[in-house]
Amino acid sequence: MFLSASKCQIKNGGFSVQCDFSVETGNHLSLFGPSGSGKSSVLLGLAGFLPIINGDLIYDDKSISNIEPKDRPFDLLFQENNLFPHLSVSSNILLGLGAKAKMDFENSHIVNEILDLVGLYKERDRLPQNISGGQRSRAAIARALIRKKPILLLDEPFAALDFELKNEILALLLNVSKKNNLSIILVSHDPRDVRYLGGDVVLFSENGQTKFYKNKSFWSKFSNKLLPNII
Amino acid sequence: MGIGSILVLTTHSEYNSLITPYETQVIIFTLYQAFLSATLCLLLAIPISRAIYRNEFFCKNQIISLIGILFVLPILVVILAVINIFGINGIMNQFVIFLGFEEFSIYGLIGILTGHILINLPFAVRLLISGWSMIPMEHVRLAKQMGFDTNAFFKYIELPMLVKTAPSIFTIIFLYCSLTFSIALVLGGGPSATTVELAIYQTIVFEGDLATAARLSTLQLTLLTLLLILAIKFTGNMFIEQTIIIKNDISGPKTLLVHCLDYFFIVLFCAFIFLPILIIIFKGLENITIPTGNLILPAINSILVALLATIINLTFSLSLCLLIVDEKQKFLRALFEVGSFSIICISPLVFGTALFLLLFEHIDISANALLLTGFTNGVLMIPISVAILLPGFKKIKARYGKLMNITGVPRTSELAKFYIPLLKKNIKFSCALVFALSIGDLGIIVLFSGADISTLPMYLYRLIGSYRMDEAYFVAMILLLMAFISFWLIENGNLNVFKRKQMSD
């Protein structure tokens, strides 16, 4: 067992949501459901930005419910504002190595390597507002990858991208995940993303209820309902 | 307008461009005190606004709302409060003497700085709170995720916001401190602490020397316009952002020392800002038995002046904003924009004197003093309302511009059908500010009015001048309440309430 949430209740203002799930090393999980059902709150709770008021979050047999966001095994990509607008693409990525990291020979090599991987080498000196939405997403992914955290949390960071571009970026992520045993937890209301990512699913309903499904059981139960939408 | 005003003065005098050593000294002092005032305001406002924004404390929202109202604190009320606290017989001097030290004098540079800071600090704090609230929550969370320490948090999250916001706040305060004369008039200390605006007032009122006034005004207008252009070029705009989004969980890493410093700044600010107001209200209530017969007419006059100023200001600023967003040529659009902001650099006294020179042969200036004061106040406050309204105009044009073209709404109806309904909140804020500032402003009525026509600030000024302090405190309290209440009523009052009531009846 790698990461497990047992009856984790996460509080966001006057609203709270409870969920149970587990993710094995290198596997993926989708938090799927309609808007406003608490998917992002769960993600923020996992990352340490919202309190877990009941239950426990266990990572490698240790409770991480009460530790600082920086010490958790996650890197979170938000829906927007993932990059600092006054820093170039490469400086944004360098921040992943620490706030005090300098662009010296060694770090420059690491940053260039990751820029190559996400296909942004040519854009390294440009500011975020001068590159496309897809390129901004890639830059944010690059910074997340450089931090080498074992679990990547995605709070619909590609929602504004078109279907093909979104799939292209997800494919890149799946590729990296396979090579580095990286787990991905994705928030989405689009069944196509859930299908593409694979892995298990936590289904959120509008009344705040959640249910954990293994991949196969999820699709055998909901394929009739969801597949027509995907097609 | 500024150049026109100066031209009127030069054509009515024997103009020469030779600057005397005294005038040089006055110009240097003006820039020096404005620089010090703006710098001190900003240096104090940064930690104060940050402390207020990122901490939860008793009455936080109410204090933020009150800071907004403090924009309209009448200058004469501030002066009276400064004298009461820091003057020869003031609370601070009594305390200093009690401690066994020698008494100090507030008059001179210290007095001018204290007055300017008292007036401008709430303004700077309010705008910076807006700035802090505009930092994306995601950036704060990214910082926590990446384990930024206090220095890194300041460098990557806070500093970029300050670089964007602070120059325009500095410029507005600098311009304001260069152009007000009431504070230097009462709290300045003779020739060594005279500002350009005060020198212009003295040369016009006491010496009738229009040539010197024109010369000083030319220099002032040139210097301040240059500064304004530089500031616009550097910051990209001079907008006043009124929105504050209160978010939870917005603070960066905090040590115990930082936490204590935050609360020190909050207490210091509250004491510095609210003590003078409380003193004026307390002293005013102490003298409440004073007959108010002489007060009613100046109060009504003040309301009339403010009403006229608001109507004129709204008409001009709405038209200017429409002109700017409708202009297709980039250069002309920039010119109109800089032009409307540069009105802030015009000396109110020179503008008033030019009006006087143009009109005195045609109308009875003294009898029309209220009209002229209202007109001047309305025109000279255009930069404030444009700074509030123009961002909204630009957003609407960008979002609905094509829709307006497609639907074929005539240009003349665009204001009524789109801009005014969509910008109701900004328009109310702008009107509230202009009305309340105009009610409390001594302004150029000092040039126009005879003994028979007076506004409340003018009446208060005469009371202070004749050392009738008990009455002055009472009038100051009334003036303060009028400014605050009118601001609150216009900004929050919903005139539709009356309509709905009538319909339900």
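Residues numbered from 1 in each chain as written. Chains lettered and ligands numbered in written order. Predicted model: local features only at pLDDT ≥ 70, side-chain atom pairs only at ≥ 80, totals over all residues. Heavy atoms only, no water.

## Focus on the overall build of chain A
Where we set the bar: Here a helix means four or more residues in a row that DSSP labels H or I, a strand means two or more in a row labelled E, and each is numbered from the N terminus. For this measure, only C-alpha atoms enter the radius of gyration; the expected value for a globule follows 2.2 Å times N^0.38, where N is the number of residues. Remark: exposure states derive from per-residue accessible area (1.4 Å probe, protein chains only) relative to the maximum for the residue type, with buried under 20%, exposed over 50%, and partly exposed in between. Two residues form a contact once any of their heavy atoms are found within 4.5 Å. Residue burial considers only the protein chains on display, and all accessible areas are found by Shrake-Rupley using a 1.4 Å probe.
For chain A, the helix and strand inventory stands at seven helices and ten strands. Its C-alpha atoms give chain A a radius of gyration of 18 Å, within 12% of the compact-globule value 17 Å for 231 residues. By the burial criterion, 54% of the 231 residues in chain A qualify as buried. At a minimum sequence separation of 6, the contacts of chain A that also span at least 24 residues come to 67%. About 10900 Å² of surface is accessible on chain A, with carbon and sulfur atoms providing 48% of the total.

## Comments concerning the packing of aromatic side chains
All names here are of chain A. In plain terms, the rule: Stacked, tilted and edge-to-face are the three classes applied to pairs of Phe, Tyr and Trp rings, where Trp contributes its six-membered ring and a pair requires centres within 6.5 Å; stacked means planes under 30 degrees apart, edge-to-face means over 60, and tilted covers the rest.
For the structure on display, the rule yields 16 aromatic pairs over all chains. Pairing phenylalanine 2 with tyrosine 59 gives two aromatic rings, centres 5.1 Å apart and planes at 65°, and the pair type is edge-to-face. Here phenylalanine 2 is found in the segment before β1 (3–12), whereas its partner tyrosine 59 is found in strand β4 (residues 52–59), with 57 residues between them in sequence. On the basis of relative accessibility, which here comes to 5%, the residue phenylalanine 2 falls in the buried class. Joined through ring pairs, the aromatic side chains of Phe32, Tyr213, Phe218, Trp219 and Phe222 make up one cluster.

## Some points on the packing of helix α13 (residues 293–326) of chain B against helix α18 (residues 411–422) of chain B
Residues and elements named next belong to chain B. What counts, and what does not: Axes, fitted as lines to C-alpha atoms, cover a helix only where it is in contact. Angles between the N-to-C directions of the axes lie from 0 to 180 degrees. For classification purposes, an angle smaller than 35 degrees is called roughly parallel, one larger than 145 roughly antiparallel, one from 65 to 115 roughly perpendicular, and anything else oblique.
Orientation of α13 relative to α18, taken along the N-to-C sense of each, is 105°, at an axis distance of 11 Å. Taken together, the axes of α13 and α18 are roughly perpendicular relative to one another. For the pair α13 and α18, contact is made by Leu318, Leu322, Val325 and Asp326 and by Arg411, Glu414, Leu415, Tyr419 and Ile420, respectively.

## What to know about the sheet that holds β4(A)
Residue and element names in this part refer to chain A. Just so we agree on the cut-off: Pairs of strands are assigned from DSSP output, requiring at least two bridges between the strands.
On the basis of which strands lie adjacent, the open sheet formed by four strands has the order β2-β1-β4-β5 and antiparallel pairing. Either end of the sheet is taken by a strand with one partner, and the two such strands are β2 (15–23) and β5 (62–63). Here β1 pairs with β4 via six bridges, running antiparallel. Bridging from a neighbouring strand, leucine 3 pairs with tyrosine 59 of β4. Seen against the sheet, helix α1 (residues 39–47) touches β1, β2 and β4 and runs at an angle of roughly 70° to β2.

## Things to note about the interface of chain B and chain A
The test is simple: Accessible surface is computed with a 1.4 Å probe, and the buried area is the amount of it that two parts give up when combined, taken over both parts together. Each polar contact in these results corresponds to two N or O atoms within 3.5 Å; when the atoms are within protein, one needs to be able to donate a hydrogen and the other to accept it, and residues that are neighboring in sequence are counted only if both atoms are side-chain atoms. Under the scheme applied, nonpolar residues are Ala, Val, Leu, Ile, Met, Phe, Trp, Tyr, Cys and Pro; charged residues are Asp, Glu, Lys and Arg; polar residues are all the others, including Gly.
Taken together, the contact pairs 17 residues of chain B with 22 residues of chain A. Across the chain B to chain A interface the summed buried area is about 1800 Å²; carbon plus sulfur atoms make up 65%. For the pair chain B and chain A, the interface holds eight residue pairs in polar contact (both at pLDDT 80 or more). Mapped onto the side of chain B that touches chain A, the elements with two or more residues apiece are α7 (137–145) and α8 (150–179) of chain B. In the side of chain B that touches chain A, the residues fall into eight nonpolar, three polar and six charged.

## Considerations on the pattern of salt bridges
Residue and element names in this part refer to chain A. Defined as follows: Salt bridges are defined as contacts in which a side-chain nitrogen from Lys or Arg sits within 4 Å of a carboxyl oxygen from Asp or Glu.
Here the structure, examined in full by the defined rule, presents 17 salt bridges over all chains. With a closest N to O distance of 2.3 Å, aspartate 75 and arginine 147 form a salt bridge. You can see aspartate 75 sitting in strand β6 (residues 74–77) and its partner arginine 147 sitting in the loop between α4 (133–146) and β7 (151–155), a full 72 residues away along the chain. Grouping residues by exposure puts aspartate 75 and arginine 147 together as buried.

## Topic: the environment of Leu323(B)
The residue Leu323(B) is located in helix α13 in this model. Taking the C-alpha atoms as reference points, Leu323(B) and Ser37(B), 286 residues apart in sequence, are found 34 Å from one another.

## Quick word on the nonpolar core
Put simply, the rule reads: In this description, a nonpolar core means a group of buried Ala, Val, Leu, Ile, Met, Phe, Trp, Tyr and Cys residues linked to one another through side-chain atoms lying within 4.5 Å. An automatic or database domain assignment is the source of the domain bounds shown.
Core analysis: the largest hydrophobic core is formed by 206 residues, its most contacted members being Leu3(A), Ile185(A), Ile52(B) and Phe393(B). Here this core gets 15 residues from one element, more than from any other, and that element is α8(B). Three or more residues apiece are contributed to this core by two domains, here domain 1 (33–192 + 236–286) and domain 2 (289–505) of chain B. When residues no more than four places from it in sequence are discounted, the contact partners of Leu3(A) are Phe21(A), Ser22(A), Val23(A), Leu57(A), Ile58(A), Tyr59(A), Ile64(A), Phe74(A), Ile151(A) and Ile185(A). Core analysis: the next-biggest nonpolar cluster, separate from the first, contains 32 residues, Leu77(A), Val89(A), Ala140(A) and Leu154(A) among them.

## Quick word on the domain arrangement of chain B
Residue and element names in this part refer to chain B. Domain assignment breaks chain B into domain 1 (33–192 + 236–286) and domain 2 (289–505). Spacing between the C-alpha centres of domain 1 and domain 2 amounts to 25 Å. Contact with domain 1, which involves 27 residues of that partner, is made by 41 residues of domain 2. Taken together, both faces of the contact between domain 1 and domain 2 bury some 3100 Å²; the carbon and sulfur share is 81%. Inspection of the region where domain 1 meets domain 2 yields one residue pair in polar contact (both at pLDDT 80 or more). Breaking the side of domain 1 that touches domain 2 down by element, the ones donating at least two residues are α3 (60–69), α4 (75–86), α8, α9 (182–187) and α12 (256–286). Among the elements that make up the side of domain 1 that touches domain 2, the one with the highest residue count is α12 (six residues). Here the residues of the side of domain 1 that touches domain 2 sort into 21 nonpolar, five polar and one charged.

## Comments concerning unusual backbone geometry
Residues and elements named next belong to chain A. Despite not being glycine, lysine 7 shows a phi value in the positive range, around 45°. Within the fold, lysine 7 resides in strand β1. Phi is positive for lysine 148, close to 55°, though the residue is something other than glycine. Relative to the elements of secondary structure, lysine 148 occurs in the loop between α4 and β7.

## Re the sheet that holds strand β10 (residues 210–213) of chain A
Residue and element names in this part refer to chain A. Pairing is mixed across the open sheet formed by six strands, whose spatial order is β6-β7-β8-β3-β9-β10. The sheet is open, and its two edges are formed by β6 and β10, each paired on a single side. Adjacent strand axes in the sheet meet at a mean angle of 15°, parallel and antiparallel pairs treated alike. Bridge count between strand β3 (residues 28–32) and strand β8 (residues 183–188): five bridges; the pairing is parallel. Bridge pairing in β8 links histidine 28 to isoleucine 184.

## Details of a nonpolar patch on the surface
Residues and elements named next belong to chain B. Where we set the bar: Think of a patch as exposed residues, more than 30% relative accessible area, with no salt bridge, where like charges cluster within 9 Å and nonpolar side chains (Val, Leu, Ile, Met, Phe, Trp, Tyr) cluster within 5 Å.
The grouping of Phe95, Phe98, Leu99 and Phe101 at the surface amounts to a nonpolar patch, some 510 Å² of accessible area in total. With respect to the helices and strands, the residue leucine 99 is situated in the loop between α5 (91–98) and α6 (109–133). Leucine 99 sits in the partly exposed class, given a relative accessible area of 47%.

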